[in-house]
Number of protein chains: 2
Amino acid sequence: MASLTSGKTRPIRLADIAKAAGVSHGTASNVFARPEIVREEVRERVKAAAEAMGYAGPDPKGRLLRAGKVNAIGVATAEPLSYFFDDPFARVMMASISQACDATGAGISLVSAANNEQLAWNIQSALVDGFIVFCIEGGSRAVELARERKLPFVALDLDSEDETVSAIGIDNIAGAGLAARHLAELGHRRFAVLALESADAGFGPVTQEQVEASALYSGTRDRMRGYLAELSRFGIDVSQVPIYETLNDEKTVRAGLEHIFALPQRPTAILAMSDRMALDALDWLREHDITVPGDVSVVGFDGVPEGAVSKPPLTTVAQPIAEMGRLAVKAILEHDGSHQRLLLPVDLVIRASSGPAPA
Amino acid sequence: MASLTSGKTRPIRLADIAKAAGVSHGTASNVFARPEIVREEVRERVKAAAEAMGYAGPDPKGRLLRAGKVNAIGVATAEPLSYFFDDPFARVMMASISQACDATGAGISLVSAANNEQLAWNIQSALVDGFIVFCIEGGSRAVELARERKLPFVALDLDSEDETVSAIGIDNIAGAGLAARHLAELGHRRFAVLALESADAGFGPVTQEQVEASALYSGTRDRMRGYLAELSRFGIDVSQVPIYETLNDEKTVRAGLEHIFALPQRPTAILAMSDRMALDALDWLREHDITVPGDVSVVGFDGVPEGAVSKPPLTTVAQPIAEMGRLAVKAILEHDGSHQRLLLPVDLVIRASSGPAPA
DNA sequence: GAAATTCCTTGGATCGATTCAAATATAAGC
DNA sequence: GCTTATATTTGAATCGATCCAAGGAATTTC
């Protein structure tokens, strides 16, 4: 019936119910935003009109423009959206970010995209008060875009040389050093490294020089430096250590292990730059009847919860993930125009995936 | 230097650079929104002005109001925000929702809150084009709030009787029936049920009648009906089946098992209304040297990936989670004013946590 | 009863863009 | 040179609210 009067039903605006109730739009707005300052009789009349016309309440779109603040923070990454729910590291980080947001009543918008163009658009048009940028791999593009929005933003886990971007990261060199020393002290002398991306090139065996040369992905580079510096200290010829670069997924990790274990000198210790790789490695080794830590020791990096319940439990370099998330949210919400650059300490967590080198 | 002229630096607006470049704001807008229709010379001039003044690009806040569409969907739940990243079921669902969103370029806003008041505000002020409401437990409040926004929304997994809300759910009765029959056919006769909430009351042992009486939480009620109906069919006196209601967390599941295994008649089969509970149960049983499925069989509900890799792998009633997520996004984005009510089929996945009843 | 308070209400300004009909400039056609 | 077609640009209107200075009515004070 009602729809007969007008073909398309324009959504009801605050002005509509103001007119219907015979008050100014200012008063109508007050009924919703500060009900205590409007006379009860009027308030009821306006509410009744709103009810009668099926008003959905003040549209946040309108409020937003006036208020200026969205009360939400964007979490951006160059990975596809599902990364936030699939990747163990991202999940722990997101859980802590969302806890911090919950505490302050801020919402979370996930910003991401498969391709670069879409990512640019999504970051440019995200309705947020600031960004937390996940820079796990190839995030520098996202950082650039976030910077262009001129909103507060923090880069996570990007050890960018650029002092003008706020960043919260960890000491990758020291962390990698802890892992390498741990294994060396257990007597291991034949190592292999499962590396994260060092360039957008893809995956496969790489040399130390290639990793070093990559200006991007300083996390990868620094972990590599940390590993190799510490191994050298134990008199190991690091030029002989095979390095295999993966895409941090099961497929390429498996390919890497196939490669590494086909070499004449099998390693007794594997340094993996992420727990995700390390856990995939444990699976592969088990399937190939290579015992851990009997034949081969494995040390991961990140400290995700899955590592505590894997078979065997994973020795790893634990990042203070929860702390990083909390600090990132704090940095956005309490942004004062300055740039923060925090380097958090890491912690070696020794579990059962590492043991003495075989005799 | 620049800041000396004005104490507070108002953000630069499109109008500012239009003035600086000596063009109308209409033209300035076109430079960013439809660059191809403005003469190159002018375009460059405007861009130069924007660059010089440090313009961050058109503010989405302004665009939003004009355009009307946010291009983001809200995912709402009455649980805290971290639920999206902690809960196995939610994670799988979110992964599929985010994949569907990625494909269409839509963003995701997570909407949630610890307390009811905050939840109301968050839902009322969320900048989204529609809602997907997670109704796992006590979600009816969120559904009400979403409905008031008069935006398209879909309830997930709420088997609400209200035909006027769009919902995508599963056949809980049939699913529960599959689980119960499977165990009964394996010879089990002594059962226990780990139930989800049936009222906001909390946790503890409950009776069949109590569950039946709860108008809320129809999912819990229907799964219970499915279990008990099928067990009756095998001649089992369902009034003797202990039912323990949990909060779907480790603590209350453990309390439930303590209770159940302290009863004079120990069960040989446990029906859990969620995989999360079932997995916690497996842990508890292992710790108490009760072998699965030798002493006790366990069947879960949901079909989360963790169930495939647990010790032992979990027999469960698998929901088509990915399909549900995809359909939910589709329902929001292609909303045509009608109400969808989809009941999807479930699937019994038999793994190693269920076996013949002990002799 | 006039003046001073207090309490509500009004209507215009504003937030920052987009859109579109109309105006103007430029090029093309005869 | 005049008309017609095409390419750009303009400026007003709009999106949906919030905020605030100013005005009006009711109440209190002297």
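Rules and cut-offs
- Residues numbered from 1 in each chain as written.
- Chains lettered and ligands numbered in written order.
- Predicted model: local features only at pLDDT ≥ 70, side-chain atom pairs only at ≥ 80, totals over all residues.
- Heavy atoms only, no water.
- Near = heavy atom within 4 Å.
- Polar contact = N/O pair within 3.5 Å; in protein donor to acceptor, adjacent residues only side chain to side chain.
- Helix = DSSP H or I, 4+ residues; strand = E, 2+ residues; numbered from the N terminus.
- Nonpolar A, V, L, I, M, F, W, Y, C, P; charged D, E, K, R; others polar.
- Least-squares fit on C-alpha atoms with pLDDT ≥ 70 in both.
- Contact = heavy atoms within 4.5 Å.
- Buried < 20%, exposed > 50% of the residue type's maximum accessible area, 1.4 Å probe, protein only.
- Arc of directions from axis to C-beta.
- Core = buried A, V, L, I, M, F, W, Y, C linked by side-chain atoms within 4.5 Å.
- Axes fitted to C-alpha atoms, helices over the stretch in contact; angles between N-to-C directions.
- Parallel < 35°, antiparallel > 145°, perpendicular 65-115°, else oblique.
- Left-handed = near helix turned anticlockwise from the far one by under 90°.
- Pairing = 2+ DSSP bridges.
- Salt bridge = Lys/Arg side-chain N within 4 Å of Asp/Glu carboxyl O.

**Q** Quick one: what's the story with the protein's contact with DNA strand C, residue by residue and with numbers?
**A** Close to DNA strand C lie 24 residues, the nearest being Val42 of chain A together with Leu14, Ser29, Asp59 and Arg66 of chain B. The share of sugar and phosphate among atoms of DNA strand C within 4 Å of the protein is 59%. Here Arg39 of chain A contributes a backbone N or O atom positioned 3.1 Å from a phosphate oxygen of DNA strand C. At a separation of 2.8 Å, a phosphate oxygen of DNA strand C approaches a polar side-chain atom of Tyr55 of chain B. Mapped onto the surface near DNA strand C, the elements with two or more residues apiece are helix H3 (25-33) and helix H5 (60-67) of chain A together with helix H3 (25-33) and helix H5 (60-67) of chain B. Tallied by class, the residues present in the surface near DNA strand C amount to eight nonpolar, nine polar and seven charged.

**Q** Tell me what's going on with the protein's contact with DNA strand D, and back it up with residues and numbers.
**A** The immediate surroundings of DNA strand D are formed by 24 residues, with Leu14, Ser29, Asp59 and Arg66 of chain A together with Val42 of chain B found nearest. Restricting attention to atoms of DNA strand D within 4 Å of the protein, one finds that 62% of them are sugar or phosphate atoms. Note that a phosphate oxygen of DNA strand D is positioned 3.2 Å from one of the side-chain N or O atoms of Arg39 of chain B. Between Arg66 of chain B and DNA strand D, the recorded distance is 3.3 Å, taken from a side-chain N or O atom to a base oxygen. Of all the secondary structure elements, the ones that give two or more residues to the surface near DNA strand D are H3 and H5 of chain A together with H3 and H5 of chain B.

**Q** Tell me about the relation of the copies chain A and chain B, residues and numbers included.
**A** For the pair chain A and chain B, the best superposition has an RMSD of 0.1 Å and corresponds to a rotation of 180° with a translation of 0.0 Å parallel to the axis. On the angle and the small slide along the axis, the relation comes out as a two-fold axis. Nearest to the rotation axis, the C-alpha of Ser109 of chain A is located 2.2 Å from it, this being the minimum over chain A. Looking at chain A, 100% of its interface residues are interface residues in chain B too, so the copies touch through the same face.

**Q** Let's hear about helix H8 (residues 116-124) of chain B: which residues, and what values?
**A** Residues and elements named next belong to chain B. Those residues of H8 not exposed but buried are Leu119, Ala120, Asn122 and Ile123. Each buried residue of H8 sits inside an arc of 170° when the element is viewed along its axis, so together they form one side. With a side-chain oxygen positioned 3.1 Å from the backbone nitrogen of Glu117, the residue opening H8 is Asn115.

**Q** Quick rundown of the nonpolar core? Include the residues and the values.
**A** If you look at the biggest cluster of nonpolar residues, it comprises 157 residues, and the most contacted ones within it are Ile97 of chain A together with Ile97 of chain B. Discounting chain neighbours no more than four positions away, the residues touching Ile97 of chain A are Val75, Ile108, Ile132, Phe134, Leu156, Gly325 and Val329 of chain A.

**Q** How would you sum up the packing of helix H2 (residues 14-21) of chain A against helix H4 (residues 40-53) of chain A? Please name residues and give values.
**A** Residue and element names in this part refer to chain A. Two elements in contact, H2 and H4, have axes whose closest approach is 9 Å; the angle formed by their N-to-C orientations is 120°. Considering the angle they form, H2 stands oblique to H4. Between H2 and H4 lies a crossing whose hand is right-handed. Within the contact between the two elements, H2 uses Asp16, Ile17, Ala20 and Ala21 and H4 uses Arg45, Val46, Ala49, Ala50 and Met53. For the contact of H2 with H4, the per-class residue count stands at seven nonpolar, no polar and two charged.

**Q** Got a sec to walk through the environment of Ala106 of chain B? Specific residues and values, please.
**A** Mapping Ala106 of chain B onto the fold places it in the loop between helix H7 (88-104) and strand E2 (107-112). Residue Ala106 of chain B is classed as buried on the basis of its relative accessible area, which comes to 5%. For the pair Ala106 of chain B and Val70 of chain B, spaced 36 residues apart in the sequence, the C-alpha separation amounts to 8.8 Å. Filtering out sequence-adjacent residues up to four positions away, Ala106 of chain B remains in contact with Leu81 of chain A together with Asn71 and Cys101 of chain B.

**Q** Quick rundown of the side chain of Asn122 of chain B? Include the residues and the values.
**A** Tracing the backbone through its elements, the reader meets Asn122 of chain B in helix H8. The exposure class of Asn122 of chain B is buried, given its relative accessible area of 14%. Each residue touching Asn122 of chain B, except ones within four places of it in the same chain, is listed here: Gly105 of chain A together with Val111, Ser112 and Ala113 of chain B.

**Q** Would you mind going over the sheet that holds strand E6 (residues 191-195) of chain B in detail, with residue names and values included?
**A** All names here are of chain B. As summarised here, the arrangement of the seven strands in space is E7-E8-E6-E9-E10-E11-E13, forming an open sheet in which the pairing is mixed. Across the chains shown, the open sheet's two edge strands, defined by having one partner strand only, are strand E7 (204-206) and strand E13 (347-349). Ignoring strand direction, the axes of neighbouring strands in this sheet form an average angle of 25°. Note: strand E9 (residues 269-272) against strand E10 (residues 297-302), three bridges, orientation parallel. Looking across to E10, one finds that Ile270 is bridged to Val298. Sheet strands in contact with helix H14 (residues 275-287) are E6, E9, E10 and strand E11 (315-318), and its direction is about 155° off that of E10.

**Q** For the pattern of salt bridges, give the residues involved together with the corresponding values.
**A** All names here are of chain A. In total, this model carries 34 salt bridges over all chains according to the counting rule given. Linking Asp16 and Arg13 is a salt bridge whose minimum nitrogen-to-oxygen distance equals 3.5 Å. Three or more residues joined by partner-sharing salt bridges are found here, namely Glu212, Arg221, Asp222 and Arg225.

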